[in-house]
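Results of the structural survey
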Amino acid sequence: MAKKRKLPLNTAPPAGLGTGANGAATGGGIDNRLVRVGSDGRPVPLDGKVIVQKRHVDWLEHQIRWRWLLDSYEGGDRYRNAIYGPDRKGLPCRNLFRHRREYPDPQQFPAIYSGFAGAGSVMLDETTTGGSWGPWPGMLGADPAATEQDDDYEMRRSRTPVPEFVEEAVEIHLGKVYAQEVAREGPADLKTWWEDVDGRGTPMDDWMKETVAPLLLVLGNIDIVLDHPRAPVGQRMVSRADEIEAGTDRCIASYILPENMVWWHCDNAGRYDSCLVREYVDPSERWDFDTNGKAVDPEGKGQISSDWRRTYTRWRLWGPDESILFNHNGDKILERTPHSFGRVPIVRLKDLTKHRTPTVGKSRYEAVADIQRAYYNQLSELILNSVLQGHPFLSGAEDFCKADNTLSVGPGYVLPKKKNPDSGAYEPWEYVAPSNDPTEAMRKNLSDLIEAKDRHACLTKPAGAAGAGASTVSQSGVSKVLDAQTGHKLLVSVAKSLAKAEKAVSEYALLCLRNGQLKPADRQAIQIGYPARFDLADATTLVTGTAQLQLVMESCGNAPNTERELIQATVRQLLVGLDDEDYEELDEEIELLVETKAKLAELVHEAKVRGAVAGADLLAGAGTAEAAGGEDPTGQSGSTMVSNMIPSVM
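What you see is a predicted model; the values in this text were computed from it and never measured.

From N to C terminus, the protein chain includes 20 helices and 19 strands. Across the 650 residues of the protein chain, 38% fall into the buried class. A separation threshold of at least 6 residues defines the contact pool for the protein chain, and within that pool the share at least 24 residues apart is 62%. Total accessible area on the protein chain is roughly 38700 Å²; 54% of this is exposed by carbon and sulfur atoms.

To continue, consider the sheet that holds strand 8 (residues 313-318). Within the open sheet, the 5 strands sit side by side as 6-7-8-9-10. Their pairing is antiparallel. Of all strands in the sheet, those with a lone pairing partner are strand 6 (261-266) and strand 10 (333-338), marking the two edges. Strand-to-strand twist in this sheet, taken as the mean axis angle between neighbours without regard to direction, amounts to 15 degrees. Sheet topology places strand 6 next to strand 7 (residues 272-280); 5 bridges connect them, and they run antiparallel. Bridged to W263 within strand 7 is L276.

The subject of this paragraph is the pattern of salt bridges. Per the stated rule, a full pass over the model turns up 20 salt bridges. A salt bridge links D152 to R101, with the shortest nitrogen-to-oxygen separation between them at 3.5 Å. Pair noted here: D152 is in helix 6 (residues 152-159) and R101 is in the loop between helix 3 (76-81) and helix 4 (114-117), with a separation of 51 residues, a long-range link. Note on D152: relative accessible area 34%, which makes it partly exposed. The residue E502 makes a salt bridge to R184 at a minimum N-O spacing of 2.2 Å. Of the two residues, E502 is situated in helix 14 (residues 480-514) and R184 in strand 3 (residues 183-185); the sequence distance between them amounts to 318 residues. Per residue, the accessibility class of E502 equals that of R184, and both read buried.

The next subject is a nonpolar patch on the surface. Residues L600, L603 and V604 make up a contiguous nonpolar surface patch of about 250 Å² in total accessible area. Relative to the helices and strands, L600 resides in helix 18 (residues 580-610).

The next point concerns the side chain of T160. Assignment of secondary structure puts T160 in the loop between helix 6 and helix 7 (165-177). Within the structure, the side chain of T160 is placed 2.5 Å from the backbone oxygen of R156, a separation counted as a polar contact. Discounting residues that sit within four places of it in the chain, T160 has contacts with R80, Y376, L379, S380 and I383.

For the rest of this paragraph, the subject is the nonpolar core. Core analysis: the biggest nonpolar cluster contains 69 residues, and W193, L226, L349, L498 and Y530 have the highest contact counts within it. For this core, the element with the most residues is helix 14, which contributes 16 residues. Each residue touching W193, except ones within four places of it in the same chain, is listed here: M204, L226, C251, A253, V505, A509 and L513. Within the second largest apolar cluster, 24 residues are counted, among which are W59, V277, I324 and I333.

In this section: the pairing of strand 7. Between strand 6 and strand 7, which pair antiparallel in sequence order, lie 5 residues; one of them, G270, sits at a positive phi of approximately 85 degrees. Sheet topology note: the strand 7/strand 8 ladder contains 6 bridges and is antiparallel. What sits directly across from L276, in strand 8, is L317.

Scanning the model with the defined rule gives 0 disulfides in all. Not engaged in a disulfide, the cysteine C251 finds its nearest cysteine sulfur in C512; these two sulfurs lie 3.8 Å apart. Residue C251 is classed as buried on the basis of its relative accessible area, which comes to 3%.

Turning our attention to unusual backbone geometry. You will see that N515, though not glycine, has its phi angle at about 55 degrees, which is positive. Positionally, N515 belongs in the loop between helix 14 and helix 15 (520-525).

What follows deals with the packing of aromatic side chains. Throughout the structure, instances matching the rule amount to 4 aromatic pairs. Pairing Y178 with Y530 gives two aromatic rings, centres 5.7 Å apart and planes at 75 degrees, and the pair type is edge-to-face. Placement of the pair is Y178 in the loop between helix 7 and strand 3 and Y530 in the loop between strand 19 (527-529) and helix 16 (539-554), with a sequence separation of 352 residues. The exposure classification of Y178 matches that of Y530, with both residues buried. Its end group placed over the ring of Y103, R98 keeps NZ or CZ at 5.4 Å from the ring centre. The side chain of R98 reaches across the aromatic face of Y153, ending 3.9 Å from its centre.

All right, on to the pairing of strand 8 then. Of all 6 residues that make up strand 8, 5 are buried, and the element is covered over most of its length. Here strand 8 runs beside strand 9 (residues 322-326); their pairing, made up of 4 bridges, is antiparallel. Across the sheet, the residue bridging to R316 is L325, located in strand 9. Turn length for the strand 8-strand 9 hairpin, with the two strands adjacent in sequence and antiparallel, is 3 residues.

What counts as what
- All residue numbers refer to position in the chain's written sequence, counted from 1.
- Totals for whole chains, interfaces and linings use all residues, but because this is a predicted model, local features are given only for residues with pLDDT of at least 70 and pairs of side-chain atoms are given and counted only at 80 or more.
- Hydrogens and water molecules were not included; the side-chain quantities draw on all heavy atoms of the structure.
- Each helix corresponds to a stretch of at least 4 residues labelled H or I by DSSP, and each strand to a stretch of at least 2 residues labelled E; elements are numbered beginning at the N terminus.
- Burial status follows relative accessibility: with a 1.4 Å probe on protein chains alone, a residue under 20% of its type maximum counts as buried, one over 50% as exposed, and anything between as partly exposed.
- Residue contacts are counted whenever heavy atoms from the two residues lie within 4.5 Å of one another.
- Each accessible area is a Shrake-Rupley result for a 1.4 Å probe, and residues are judged covered by the shown protein chains and nothing else.
- When DSSP locates at least two bridges between a pair of strands, those strands are taken to pair.
- Fitted lines through C-alpha atoms give the axes, limited to the stretch in contact for helices. The angle between two N-to-C directions lies from 0 to 180 degrees.
- Whenever a carboxyl oxygen of Asp or Glu lies within 4 Å of a side-chain nitrogen of Lys or Arg, that contact is scored as a salt bridge.
- Patch definition: residues with relative accessible area over 30% and no salt bridge; like charges joined within 9 Å; nonpolar side chains (Val, Leu, Ile, Met, Phe, Trp, Tyr) joined within 5 Å.
- Distance and chemistry together define a polar contact, namely a pair of N or O atoms within 3.5 Å, with one atom able to donate a hydrogen and the other to accept it when in protein, and with adjacent residues in sequence counting only for side-chain atoms on both sides.
- For the purposes of this section, nonpolar cores are sets of buried Ala, Val, Leu, Ile, Met, Phe, Trp, Tyr and Cys residues that join through side-chain atoms within 4.5 Å.
- Two cysteine sulfur atoms form a disulfide, by the criterion used here, when they sit within 2.5 Å.
- Pairing of aromatic rings covers Phe, Tyr and Trp, the last counted by its six-membered ring, and requires centre-to-centre distances within 6.5 Å; plane angles under 30 degrees mean stacked, over 60 mean edge-to-face, and any other angle means tilted.
- We call a charge positioned above a ring when the Lys NZ or Arg CZ atom is no farther than 6 Å from the ring centre and deviates by at most 35 degrees from the ring normal.

Here it is in structure tokens:
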């Protein structure tokens, strides 16, 4: 009897290496276990559980700061309720700092520390989204006044308006940059794409001004992904005609916040050759409640919370030829999408460079955001002090107070006073109010912070606005010329950065539209021209400066070299941002003027030496030969010569 052959065991790869049940590989002949080739030439297996845990060291350093900068730009309740981890006592760290005396009393709020102190690792997790929603204290969407009565800290947090220094500076700067036309030249297909960059009918001007530019300037860097739209469900793309009919041949631009670009690796040119992006399910497609109608806790330890996290958070690994979408834990591949771009279709835009972290940009408004937070905390102290000033404590005899002899602090309470031991009489009633000196000091500090913000952002106050230590100032404590000069340099730098970013995005868009690498001629055909000159001086300044300059030019000629240099410098301050060729042309005019004035001044000086006193004498000549021939040098003058005319008698 022949021995029965043993059937092979299930050769499905371990979890995380496929798309089938339990992560098993599926598909017609494509080995889903292989994602790249190692340095030794052998295929490297793909382990999803390891990949979704990868974090770049620069991301670990900057991700909290990125969220804080974005909160500073958005302002409002996002800024007021934002949490950046726990403090040493387990309470959330917010933009409003808590004093030591402002920690809640555990006897009054027994559960206040158990909720946070026992969940420090949860609060530090980057996927934290908060608890359930509702109007009750601590819920997502609750009004700030819900916790106002808890303590002085919550009162300050609910009553203090959030300043918008970062948003103000960004809007003013971008308003100046995009007030002028941006010149764009490129291939025909790229020009068509500029008319609709995100698939929603948004032109490039609006997309840059309203979306990319604010994020780039505030965060310092932003990632832009340019890819084809998804094919309609159930429709297969077999030919080019199918792609055109379904609209999948277009290029769709979208942005990735730096907090969601968690890991990356770049080539020698600084381009991504692989990166890991955190993605979220559309909130409209989520099921945030259990069968009993109770909101699901995203950070809970139960099965419902675990299932919710698996559905909510995903991870996409991008490579030079495909993208792979993992589930929350990386134990299952949800989809694999090949592409023919030859590189990762994501470009990182940077504003200012951090030399120790070349893949991370520096925010232009980080100093303004720090000043905004300092102002926010200082203003909250002033508001608390005003509340105490408006409700002074009433101090009186202890016999008129309650029997428990408690010392209550705050509006509506009485501070007991002892009897006079000598006379046995009661101390008189009086109001106890804090001194106004701290209030005035805080007001001055607020004014100093506003002035510091204006200096950093090169902004100016309206004429006549009060300044620190003075009754009125014309601007933010610096002269108009300095504001115009530094402000112009800032705007020129911003414009250059935006032009560089837009060109990089356009190159990747053309790469997506043509499904392949670009030629050098294609890149050279893309020309992006942002404005390089901004009129920051007002009309009064220009008119006054022009009038004074004309007076200087009218009286010049005494010190030609000095006057020429001074006039040229003055023209450069009045006309900021011209091209070098324009300045050279103006210099030639000024040099000709000063040279002419200097020659005329020299003629005047020589004429005075000869005895000429009037300007007409300088211009008078010797006359013609005929006039000189009929003239008797020794003859009588017109008043003494004899004639047959009878003089009239007056």
